[in-house]
Amino acid sequence: MPDQPLDAYSRVVSSVAAELQPKVARIKAGRGSGSAVVFTHDGFLLTNAHVVGSARSGTAAFQDGTSSTFDLVGADPLSDLAVIRADGPVPEPALLGDSDGLVVGQLVVAVGNPLGLTGSVTAGVVSALGRSLPAQDGFAVRLIEDVIQTDAALNPGNSGGALADASARVVGINTAVAGVGLGLAVPVNATTRSIIAALMRDGRVRRAYLGLVTSPAPLPEPVRRRTGQAAALRVVQVVAGSPAARAGLREGDLVLTAGRSPVGNAQSLQRLMFADAIGRPLPITVLRNGALVDVIAEPVELGPSMTR
């Protein structure tokens, strides 16, 4: 039977694979192993924090047979991202894209380099967007926001590899198997880029802490009409002695805005809780007993013994 030409789908997947396979390393760090994506010309690679674990160094091997040792630059368990730097030459970097432009049903390709499965490539579609994935560092717990769910099958060791769009732009870092035929990826977006920059600069990510436990809640209709906002965050718990407690926030308050920006879900508040917010006044507006109340909180730096 004569060779059949590749259909359009196959051409896209094969071209993405050809572009990215050389740029995704197989890494070994202590007892952990997985994949990592080259994203700079001078040897920086992006992977999962859970892949490197507590290791400070390891080895990276590429599709062309070259390998080198690497050192950990920084890891952030609360986003499950880590940056490592290879000591030797690396291939041309992959292009980081923007997951904010993804839509459900869009073609994506997962590229990894797991042990025993050199150059693993699977394809599928974005099956869900906006999912949350809990992450923990000591007692500190945070939701990784805007996680990408895909039906591109992930093989063991694919963690830390690339999830790419049809143009071979890396829009996610594969992080977990969500169930049979489903995988999750940490998004590559503006928040991720801030985390990567902090890891490269400081070796860690500094986050702000308020001391609130919240849950999304709909706003009463009169308040919706007045504010144009449909949902807010109901305060379920205020940690004693926390910045939120000192500001006078109470259980039952509905947080409408923080930093003068609407907050309707946990992610919208989390986006404000980075280094720039530490030690700075943060105006917060809440609905309390039918009245709008303004308070000023001053977040402190999140430590391992704290929870949000």
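Conventions adopted
Residues numbered from 1 in each chain as written. Predicted model: local features only at pLDDT ≥ 70, side-chain atom pairs only at ≥ 80, totals over all residues. Heavy atoms only, no water. Pairing = 2+ DSSP bridges. Helix = DSSP H or I, 4+ residues; strand = E, 2+ residues; numbered from the N terminus. Axes fitted to C-alpha atoms, helices over the stretch in contact; angles between N-to-C directions. Contact = heavy atoms within 4.5 Å. Salt bridge = Lys/Arg side-chain N within 4 Å of Asp/Glu carboxyl O. Buried < 20%, exposed > 50% of the residue type's maximum accessible area, 1.4 Å probe, protein only. Expected span 1.5 Å × (residues − 1). Arc of directions from axis to C-beta.

Draft legend 1. Examining the sheet that holds strand S5 (residues 67-76) more closely. The 6 strands lie next to each other as S1-S2-S3-S6-S5-S4, forming a closed barrel whose pairing is antiparallel. Across this sheet, the average inter-strand angle for adjacent strands is 40°, counted without regard to direction. Pairing of strand S4 (residues 57-61) with S5, which is carried by 5 bridges, proceeds in the antiparallel orientation. Each bridged residue has a counterpart across the sheet, and for Thr59 the counterpart in S5 is Thr69. Against the sheet, helix H3 (residues 190-202) touches strand S3 (44-47), S5 and strand S6 (81-86), its axis set at about 45° to S6.

Draft legend 2. Representation of the pattern of salt bridges within the structure. What the rule picks out here adds up to 10 salt bridges. The partner of Glu19 in a salt bridge is Lys23, and the shortest N-O contact between them spans 2.5 Å. Across the pair Arg206 and Glu301 runs a salt bridge, and its minimum N-O distance is 3.2 Å. Residue Arg206 is located in the loop between H3 and strand S14 (208-209), and its partner Glu301 is located in strand S21 (residues 300-301); the two are separated by 95 residues in the primary sequence. The exposure class assigned to Glu301 is partly exposed, which follows from its relative accessible area of 26%.

Draft legend 3. Summary view of H3. For H3, spanning 13 residues, the distance from its first C-alpha to its last is 18 Å, which sits close to the expected 18 Å at 1.5 Å a residue. For H3, every residue scored as buried is listed here: Thr192, Ile195, Ile196, Ala198 and Leu199. Buried residues of H3 fall within an arc of 160° about the axis and therefore sit on the same side. Of the residues in H3, the exposed ones pointing more than 90 degrees away from the buried face are Ala190 and Arg201. Residues of H3 that are buried make contact with S3, S5, S6, strand S7 (95-96) and strand S13 (182-187).

Draft legend 4. Spatial organisation of the pairing of strand S16 (residues 231-238). With 7 bridges connecting them, strand S15 (residues 212-218) and S16 associate as antiparallel partners. Paired with Pro216 across the strands is Leu233, a residue of S16. Sheet topology places S16 next to strand S17 (residues 254-258); 2 bridges connect them, and they run antiparallel. By the bridge assignment, Leu233 is partnered in S17 with Val255.

Draft legend 5. Region of interest: the pairing of strand S8 (residues 107-112). Across the 6 residues of S8, 6 count as buried, placing the element largely inside the fold. Burial along S8 is two-sided: the face carrying Leu107, Val109 and Val111 and the face carrying Val108, Ala110 and Gly112 are both buried. Direction of pairing for S8 relative to strand S9 (residues 120-137): antiparallel, over a ladder of 6 bridges. By the bridge assignment for S9, Val109 is matched with Ala123. Both S8 and strand S11 (residues 162-164) contribute to a ladder of 3 bridges, which runs antiparallel.

Draft legend 6. Summary view of the environment of Gly241. Along the chain, Gly241 falls in the loop between S16 and helix H5 (243-247). Look at Gly241 and you get exposed, because its relative accessible area is 56%. Spatially, the C-alpha atoms of Gly241 and Tyr209 are 12 Å apart, while their sequence positions differ by 32 residues.

Draft legend 7. Focus on helix H1 (residues 8-20). Taking 1.5 Å per residue, 13 residues should reach 18 Å; H1 reaches 18 Å between its end C-alpha atoms and fits that length. Of the residues making up H1, those classed as buried are Val13, Val16, Ala17 and Leu20. All buried residues of H1 fall inside an arc of 100° around its axis, so they share one side.

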